[in-house]
Amino acid sequence: MKTKLNIFRIALVLFAIVYMLLVLFYIIATFTGGHTVPREVIRASFLGNHLAINFYSYFMLDVIKDGLMIYALIVLLKVTDQFIKERYFTPKIINLMRIAGLLFIGVAFLGILISIFYHTTFSEHVIESLLLPGMIHFMTLIIGLGLLVIEETYHKGFIIKTENDLTI
Amino acid sequence: MRKLIILKSLVDFIWIVSCIPLIGLSLFFLVYMFINPNSIDLVFEGITKDSETPNYTKQLFGIVYIGIGLISIYCLFIFRKTLRYFQQVKPFHTNVINNFYKIGYLLIIVGTAGTVVTFISRLLFKEEFKISFGLTPHFILICLGLFFMVLSEVFKVAKYAKEENDLTI
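Since this is a predicted model, take the numbers as computed values, not measurements. (Residues numbered from 1 in each chain as written. Chains lettered and ligands numbered in written order. Predicted model: local features only at pLDDT ≥ 70, side-chain atom pairs only at ≥ 80, totals over all residues. Heavy atoms only, no water.)

Undergrad: Which residues make up the state of the cysteines, and what values go with them?
TA: All names here are of chain B. Evaluation of the coordinates by the stated rule reveals zero disulfides over all chains. Unpaired in this structure, C75 has its nearest cysteine sulfur neighbour in C19, at a distance of 10 Å. There is no disulfide at C143, and the cysteine sulfur nearest it, in C75, is 15 Å away. The exposure class of C143 is buried, given its relative accessible area of 9%. (Disulfide = S-S within 2.5 Å. Buried < 20%, exposed > 50% of the residue type's maximum accessible area, 1.4 Å probe, protein only.)

Undergrad: Can you break down the interface of chain A and chain B residue by residue, with the values?
TA: The extent of an interface is frequently quoted as the accessible surface area lost upon association of the parts. Every contact between the two is made by 36 residues of chain A and, on the other side, 37 residues of chain B. At the boundary of chain A with chain B, the tally comes to two salt bridges. Salt-bridge contacts for E152 of chain A lead to K3 of chain B; the nearest nitrogen and oxygen are separated by 3.4 Å. In this assembly, chain A and chain B are joined by one residue pair in polar contact (both at pLDDT 80 or more). Of all the elements in the fold, those that place two or more residues in the side of chain A that touches chain B are α1 (2-31), α2 (51-84) and α4 (126-166) of chain A. Class assignment for the residues of the side of chain A that touches chain B results in 26 nonpolar, five polar and five charged. (Contact = heavy atoms within 4.5 Å. Salt bridge = Lys/Arg side-chain N within 4 Å of Asp/Glu carboxyl O. Polar contact = N/O pair within 3.5 Å; in protein donor to acceptor, adjacent residues only side chain to side chain. Helix = DSSP H or I, 4+ residues; strand = E, 2+ residues; numbered from the N terminus. Nonpolar A, V, L, I, M, F, W, Y, C, P; charged D, E, K, R; others polar.)

Undergrad: Before we move on, could you go through the nonpolar core and cite the residues and values that matter?
TA: Looking at soluble globular proteins, one finds that nonpolar side chains tend to be buried together. Ranked by internal contacts, the top residues of the largest apolar core, which has 72 residues, are F83 and Y154 of chain A together with F155 of chain B. Broken down by secondary-structure element, the contributors of at least two residues to this core are α1, α2, α3 (91-122) and α4 of chain A together with α1 (2-35), α3 (55-87), α4 (94-126) and α5 (137-167) of chain B. The residues contacting Y154 of chain A, other than those within four sequence positions of it, are F83, Y88, F89, I93, I94 and M97 of chain A together with L151, V154 and F155 of chain B. Judged by nonpolar contacts, the second largest core, of nine residues, contains Y26, Y58, F59 and I114 of chain A. (Core = buried A, V, L, I, M, F, W, Y, C linked by side-chain atoms within 4.5 Å.)

Undergrad: Tell me about the packing of aromatic side chains, and name the residues and values.
TA: Tallied over the full model, the rule gives 27 aromatic pairs over all chains. Geometrically, the ring pair formed by F55 of chain A and Y56 of chain A is edge-to-face, given 5.3 Å between the ring centres and 75° between the ring planes. Residue F55 of chain A is classed as buried on the basis of its relative accessible area of 1%. Through a chain of ring-to-ring contacts, the aromatic side chains of F83, F89 and Y154 of chain A together with F79, F86, F92, F100, F148 and F155 of chain B assemble into a single cluster. (Phe/Tyr/Trp six-rings, centres within 6.5 Å; stacked < 30°, edge-to-face > 60°.)

Undergrad: Describe α3 of chain B, with residues and values.
TA: For α3 of chain B, spanning 33 residues, the distance from its first C-alpha to its last is 48 Å, which sits close to the expected 48 Å at 1.5 Å a residue. At the exit of α3 of chain B stands V89 of chain B, carrying a positive phi of roughly 55°. (Expected span 1.5 Å × (residues − 1).)

Undergrad: Give me the lowdown on the environment of L7 of chain B, citing residues and values where you can.
TA: With respect to the helices, strands and loops of the structure, L7 of chain B is situated in helix α1. Taking relative accessible area as the criterion, L7 of chain B reaches 1% and is therefore assigned buried. For the pair L7 of chain B and L83 of chain B, spaced 76 residues apart in the sequence, the C-alpha separation amounts to 8.6 Å. Excluding residues that lie within four positions of it along the chain, L7 of chain B makes contacts with I142, L145, G146 and V149 of chain A together with F79 and L83 of chain B.

Undergrad: How would you summarise the packing of α2 of chain A against α3 of chain A if you had to cite specific residues and measurements?
TA: Residues and elements named next belong to chain A. Taken N-terminus to C-terminus, the directions of α2 and α3 make an angle of 160°; their axes are 9 Å apart at the nearest point. Classified by the angle their axes make, α2 and α3 are roughly antiparallel. The handedness of the crossing between α2 and α3 is left-handed. (Axes fitted to C-alpha atoms, helices over the stretch in contact; angles between N-to-C directions. Parallel < 35°, antiparallel > 145°, perpendicular 65-115°, else oblique. Left-handed = near helix turned anticlockwise from the far one by under 90°.)

Undergrad: Just give me the short version of a nonpolar patch on the surface, but keep the residues and values in it.
TA: All names here are of chain A. Together, I17, L21, L24 and I28 make up a nonpolar patch on the protein surface, roughly 390 Å² of accessible area in all. Residue position: I17 is located in helix α1. Accessibility expressed as a relative area gives 43% for I17, which makes it partly exposed. (Patch = residues over 30% accessible without salt bridge, like charges linked within 9 Å, V, L, I, M, F, W, Y side chains within 5 Å. Areas by Shrake-Rupley, 256 points an atom, 1.4 Å probe, with all protein chains shown as cover.)

Undergrad: Give a description of the packing of α4 of chain A against α5 of chain B that names residues and reports values.
TA: Axis separation between α4 of chain A and α5 of chain B bottoms out at 9 Å; the angle between their running directions is 25°. The angle between α4 of chain A and α5 of chain B falls in the class roughly parallel. As for the relative orientation of α4 of chain A and α5 of chain B, their crossing is left-handed in sense. Of the residues in α5 of chain B, those in contact with I143, L147, I150, T153, Y154, I160, E163 and N164 of chain A of α4 of chain A are L144, F147, L151, V154, F155, A161, K162, E164 and N165 of chain B.

Undergrad: Lay out the environment of H119 of chain A in plain terms, naming residues and giving numbers.
TA: All names here are of chain A. Locating H119 in the fold gives a position in helix α3. Take H119: its relative accessible area is 13%, and that puts it in the buried class. Along the primary structure H119 and I159 are separated by 40 residues, whereas in three dimensions their C-alpha atoms are 47 Å apart. In contact with H119, not counting residues within four places along its chain, are R43, V126, S129, L130 and P133.

Laid out in structure tokens, this is it:
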């Protein structure tokens, strides 16, 4: 159990660090005229057909989404730390699980909206471009909902444990 | 419980829309790539047309890729089956613990095999020596696999607590 938890923790830390570095690189690349800025607006969005307004609105939302994702990973890391301390059914874990689940769901919905906004504005082939991001966000949504279901189960486990501890 | 219904519906949707057709297509392709070896170039991105690699190597990689895909689908099938226990309000059932453990190690196998096969296929077919340290889907799968294994252990603890509780008068 401890070994698996430690491996999971290391993987999670690596994942969070790499994600943070990539987001940082993405921000720097965008502000220094990197390749992420599209050349033209293919279709006018609800914000009009100004390239900079459309792109930077997308960019800001994307950075917010990435920030939420990093926060979700940190919350999962906190859950792992509680597991390492052999605290399995505590109100704190239930709370953290709920936060992580909600964050993953938020990231998924925001991701879907951002992808639709980006590809309907900047991509020539909307449906083809939306397929892969759509699948990834769908998987994130499933992970979020899974965490919420597990949180409910943990709540049950917590009740059983409290009852158990109170029994002489 | 509403969350569980939404989750189950989503998993069912993915299962019906993508997994069932994928199983059929994979099995069809498993046979077809031996009839028409050039078809592998169209399906697998890593195996290019320009390569002078013999057909049997390409077919071997094709089989491995299909195997990895089928194992991933099997993981979703087990997850779907496990959700039924949650619906029946039996979250600490032995099958749930075993299924979580099984999903965990299968996902780790898929993640690791995917990383190795992608690396070798790039080296063989594209003559590229490329190691990705960033966010790859395989790395995410390994993380997810470890998470499922941890969950199975925690559920085991909960099961013992529940059994103790049920035995107490």
